[in-house]
Amino acid sequence: MEHSSEFSVRYLTENPVPIREIIESLQSVETILNETARLLPNVIDGLQVERINIRVREVAQESPLRELFIFSLFLAFQKQLEQEVPDAITEFTGFVVPDRFDTIVTVLALVIVFYGAGAIKDLVFGKGPAGAAENQLKGLLDELSLATGKPVKVLRGVLEARYKDKTLWTRLANTTSGFFAPSKNQESSPVEVNQRRFDENIIRDIPAEFVVEHESQKHPSRPFTDTLLEIHAQDKDRTASGWYAVIPEVSDKRLKLKLMDGVSAAEIWQRDNVRGDVTVLYDRLGVELVPREVHLERVIGFS
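Report follows, based on the coordinates. Just so we're clear, the structure is a prediction, and the values are computed from it rather than from any experiment.

## Here we look at empty space enclosed by the protein
If you walk through the whole model with that rule in mind, you get one cavity of 30 Å³ or more. The calculated volume of the largest cavity comes to roughly 30 Å³. Taken together, Leu39, Val43, Leu108, Leu144, Leu155, Val158 and Leu159 make up the lining of the largest cavity. Elements supplying a minimum of two residues to the lining of the largest cavity: helix H1 (19-43) and helix H4 (152-162). Looking at the lining of the largest cavity, the element that brings in the most residues is H4, giving three residues. When grouped by side-chain class, the residues that make up the lining of the largest cavity number seven nonpolar, no polar and no charged.

## Description of the packing of aromatic side chains
Within this structure, the stated rule accounts for six aromatic pairs. Ring geometry for Phe179 versus Phe180: centroids 4.9 Å apart, planes at 85°, classification edge-to-face. For the pair Phe179 and Phe180, one class covers both residues: buried. Taken together, Tyr11, Phe114, Phe179, Phe180 and Phe198 form an aromatic cluster joined through their ring pairs. Across from the ring centre of Tyr244, 4.4 Å away, lies the NZ or CZ of Arg254, which sits over that ring.

## What about the sheet that holds strand S4 (residues 191-193)?
With respect to topology, five strands assemble into an open sheet ordered S2-S3-S1-S4-S5, the strand pairing being antiparallel. Looking along the sheet, the strands with just one partner apiece sit at the ends: strand S2 (47-60) and strand S5 (196-198). Taking each pair of neighbouring strands and ignoring which way they run, the sheet shows an average axis angle of 20°. As paired strands, strand S1 (residues 2-11) and strand S3 (residues 65-77) are joined by 10 bridges and run antiparallel to one another. Across the sheet, residue Ser8 finds its bridge partner in S3, namely Leu68. The strands that H1 touches are S1, S2 and S3; relative to S2, the one it contacts most, it runs at about 160°.

## Notes on the layout of surface pockets
Of the voids in this model, the second largest pocket is the one considered here, and its volume is about 560 Å³. Lining the second largest pocket are 23 residues, with Arg38, Asn42, Asp261, Gly262 and Glu297 sitting closest to its centre. It is H1 that provides the largest number of residues to the lining of the second largest pocket, a total of five residues.

Rules and cut-offs
- Residues numbered from 1 in each chain as written.
- Predicted model: local features only at pLDDT ≥ 70, side-chain atom pairs only at ≥ 80, totals over all residues.
- Heavy atoms only, no water.
- 1 Å grid on protein atoms, 1.4 Å probe; cavity = no way out; pocket = protein on both sides within 12 Å on 5 of 7 lines; lining within 4 Å.
- Points joined across faces, edges and corners; volume = space filled by probe spheres on them.
- Helix = DSSP H or I, 4+ residues; strand = E, 2+ residues; numbered from the N terminus.
- Nonpolar A, V, L, I, M, F, W, Y, C, P; charged D, E, K, R; others polar.
- Phe/Tyr/Trp six-rings, centres within 6.5 Å; stacked < 30°, edge-to-face > 60°.
- Buried < 20%, exposed > 50% of the residue type's maximum accessible area, 1.4 Å probe, protein only.
- Lys NZ or Arg CZ within 6 Å of the ring centre and 35° of its normal.
- Pairing = 2+ DSSP bridges.
- Axes fitted to C-alpha atoms, helices over the stretch in contact; angles between N-to-C directions.
- Contact = heavy atoms within 4.5 Å.

Dropping the structure here:
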């Protein structure tokens, strides 16, 4: 089943936004939507997301800046769980109820954004008292819990399991930073996401972009979705060592490959070409970024 939705972001800025910040925000939304697709099966029982297709429909650069995305989720449904799934899935057909499902997707995406805001504050300041951004996250988790039937504790556990890896934690912080960059650089202007407004006091609570860049500049990372991996070495008994791959989109050099949670060695054993979502880790040598390691986060298919 294919389900398409809109994802709209408006930055209520008074002045034109630089192209660099527009590109950064577009890339951040793409990462957020990919993360949303990855976590959806953890919040809706019986749902499987086979892949996601994201397109930019409109970028209106005059003030306020508006970005409109169309994303298509290709969904499958576990029929054996039909009696256990929440009302977000219709009982007899297994199809998602569009209106409610879109609400769940929007709220989950915002949960990821504001969980990333917490990652920024932890990287910059360490643990501290809750602010406006953390209170916003709590409210969104309550809303997501009500919509899905999942306790807030379980939803927090999903987030903690996903972002326990330091590389993913830092990448999430930078994604949230890029998402808010057009607003932060214009006096923390309000932001609207699918007609949900977040005012200056919330945006102001999130540390500035340059601080996060400073914290992660030694070992930056970049996500790549639905990219080709040419497997050059394999080890069926291990996931963190013994694997090497070439990512043509990144480099023609063989890089160390680590299989992350959700990817088993058996799943890609004896496969020469794999398509999946990866995070590439880099070393900064002077002004150059040199890829050093690849984390395979999700297998999409084989070619």
